[in-house]
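As a plain string of letters, each chain reads:
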Amino acid sequence: MRATSFAAFLVLLPILSATAAETVGGDTGFGPPPALEPGKAPPLPKRGPLAEPRSSNQVGFPAALTASAIPPASPLTPAAVALGEKLFFDGRLSDDGTVACATCHDPARAFTDGRPVSIGIHGRAGQRNAPTVLNALYNKTQFWDGRVDTLEQQAALPITNPFEMGSSSIAAAVSRIAGDKDYQTQFMQAFGRDVNEQDMLRAIATYERTLASFDAPFDRYIAGDAGAISDSAKRGWELFNTKARCNLCHALADNKRDVTAFTDNDFHNIGIGILRHHVGPLAQQAERELAQGRPPDVDTAAITSEMSVLGRFLITKRQSDIAAFKTPDLRNILVTGPYFHDGSMQTLWDVVDHYNKGDGLTNPWLDEDIQPLAMTESEIDDLVAFLASLTSSPYKEAGDHEYARQLALSRVDRPQRDTARAFGPKPSQPKPPPF
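Owing to the predicted nature of the structure, the values given are computational and were not obtained by experimental measurement.

A. How the structure looks around helix H13 (residues 295–304). Turning to H13, its buried residues number three or more, namely Val298, Asp299, Ala301, Ala302 and Ile303. In this structure, the buried residues of H13 make contact with helix H6 (151–160) and helix H14 (313–316).

See the structure below:
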């Protein structure tokens, strides 16, 4: 049976749920993840109900957008999705069997890992925070710097990255599963061919395209349920589109309220981390070493080296893209921290404080829309309440715990708060130095 939309895919869920319920347990998704032994990768996450493909029966589900996001060459067939889900949790794709896709994208943590930066093979810490796979099918580009366009391309790079899964090649990963009789049967059922590299990546991407996540209190509010969110969250939604200026990046258009994507699919320098690095020499190094722009080379630089701070510049080599990173979708943001590309912010209050004071104003490549916002404490609380209302129903319990944890932390520790700057004028921004 072929299915190219989630509506048609609904009938497949009973078939697929049997594969998703293989094991239940592992990380509860509440609070920071446990510390790791030096040199050890995180434990492999368990499959369970949160790993199951989502259906289109969600309030706020964008049927037309979803249909356009599914490539005709990779329809959502039950065999391909089941195969992709199994591969997603299989540590054999890594060099020593300790790391799977799910290591950095754990369903219990809304397909993130809860760490500032991801930890891969042999306990190696990368440079980037793991973005959620939920709603990744709608992304125009993948990774924080947009170095590839498709989920198939995205699935390939971590397998060979030395700080992630560490395989010497995709072929080496394929060879470790090719003798598995269950895989031989599943590849034949899904694609009519033996185990191979192209179909392995297609299957993983196909599974990831079933992870559409809506059905949040905010969706029910937009659908007409006035009591679905608090008055504080309603005030936060107004602030989001006005004084807080969030809509300038987290909407498809500045002049129309976006209730679906919460991203402009663009890249911005928002003043995160750049002052800790000598950016000019790093940019010159990137121009020399990454002149050919090969995705594996960029991937290695982004994850394993200080050049990671250059962001989109690693791909375009344009000065305007220095330290610019992709605008993330805000859905489930409450349960996908720590925040920003380097995981440097612990709470949503920290995030809003960063924007409220217009941080990074001595950064010559700062996005022109960053400026002090003069938001009061009550307005900051309202904006966070709105962001919390974007938590999808499967993560309600985790979201309630995380909101309480972050709220308590925000009342005693606000390292990003600078009220004087937040209510002051925007300082003059320095010009970029010559390379």
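B. Here's a closer look at the nonpolar core. Counting 48 residues, the largest nonpolar core has Leu87, Phe88, Leu93, Phe187 and Met200 as the members making the most contacts within it. Secondary-structure elements contributing two or more residues to this core are helix H4 (78–88), helix H5 (101–104), H6, helix H7 (170–178), helix H8 (181–191) and helix H9 (197–208). At six residues, H9 tops the list of elements feeding residues into this core. Among all residues touching Leu87, those that are not within four sequence positions of it are Leu93, Ile177, Tyr183, Phe187, Met200, Ala203 and Ile204. Counting residues in hydrophobic clusters, the runner-up holds 31 residues, among them Leu330, Ile370, Leu373 and Leu390.

C. Looking closely at the environment of His277. Structurally, the position occupied by His277 is in the loop between strand E1 (267–268) and helix H12 (279–289). Each C-alpha atom of the pair His277 and Asp106 lies 31 Å from the other, and the pair is 171 residues apart in sequence. Excluding residues that lie within four positions of it along the chain, His277 makes contacts with Leu282, Glu306 and Val309.

D. The arrangement of the packing of helix H15 (residues 348–356) against helix H16 (residues 377–388) in detail. Relative orientation of the contacting elements H15 and H16 amounts to 125°, with a least axis distance of 10 Å. Taken as axis vectors, H15 and H16 run oblique relative to one another. The chirality of how H15 crosses H16 is right-handed. Contact with H15, carried on its side by Leu348, Trp349, Val352, Asp353 and Asn356, involves Ile380, Asp381, Leu383, Val384 and Leu387 of H16 and no other residues of that element.

E. Just the packing of aromatic side chains, in detail. Summed over all chains, the structure comprises 18 aromatic pairs. Taken together, a centroid distance of 6.3 Å and an interplanar angle of 65° make the contact between Tyr183 and Phe187 edge-to-face. With Tyr183 and Phe187 both in helix H8, this residue pair falls four residues apart, about one helical turn. Among the aromatic residues, those joined into a cluster by ring pairs are Phe218, Tyr221, Trp237, Phe240, Phe262 and Phe386. Directly above the ring of Tyr183 sits Lys86, whose terminal nitrogen or CZ lies 4.4 Å from the centroid.

F. Spatial organisation of the pattern of salt bridges. Scanning the model with the defined rule gives 26 salt bridges in all. Close ionic contact of Glu152 with Arg209 constitutes a salt bridge, the shortest N to O distance being 2.8 Å. One end of the pair, Glu152, is in helix H6; the other, Arg209, is in the loop between H9 and helix H10 (217–222), with 57 residues separating them in the sequence. Assessed through its relative accessible area of 17%, Glu152 is described here as buried. Judged by its relative accessible area of 4%, Arg209 is buried.

G. The arrangement of H8 in detail. Those residues of H8 not exposed but buried are Tyr183, Gln186, Phe187, Ala190 and Phe191. Take H8 and look down its axis: the buried residues cluster within an arc of 100°, on one side only. When the buried face of H8 is taken as reference, the exposed residues oriented beyond 90 degrees from it are Lys181 and Gln189. Taken together, the buried residues of H8 touch H4, H7 and H9. Among the residues of H8, the N-terminal cap falls to Asp180, whose side-chain oxygen and the backbone nitrogen of Asp182 are separated by 2.8 Å. Of the residues one or two after H8, Gly192 is the one with positive phi, at around 70°.

Conventions and cut-offs
- Residues numbered from 1 in each chain as written.
- Predicted model: local features only at pLDDT ≥ 70, side-chain atom pairs only at ≥ 80, totals over all residues.
- Heavy atoms only, no water.
- Buried < 20%, exposed > 50% of the residue type's maximum accessible area, 1.4 Å probe, protein only.
- Helix = DSSP H or I, 4+ residues; strand = E, 2+ residues; numbered from the N terminus.
- Contact = heavy atoms within 4.5 Å.
- Core = buried A, V, L, I, M, F, W, Y, C linked by side-chain atoms within 4.5 Å.
- Axes fitted to C-alpha atoms, helices over the stretch in contact; angles between N-to-C directions.
- Parallel < 35°, antiparallel > 145°, perpendicular 65-115°, else oblique.
- Left-handed = near helix turned anticlockwise from the far one by under 90°.
- Phe/Tyr/Trp six-rings, centres within 6.5 Å; stacked < 30°, edge-to-face > 60°.
- Lys NZ or Arg CZ within 6 Å of the ring centre and 35° of its normal.
- Salt bridge = Lys/Arg side-chain N within 4 Å of Asp/Glu carboxyl O.
- Arc of directions from axis to C-beta.
- Polar contact = N/O pair within 3.5 Å; in protein donor to acceptor, adjacent residues only side chain to side chain.

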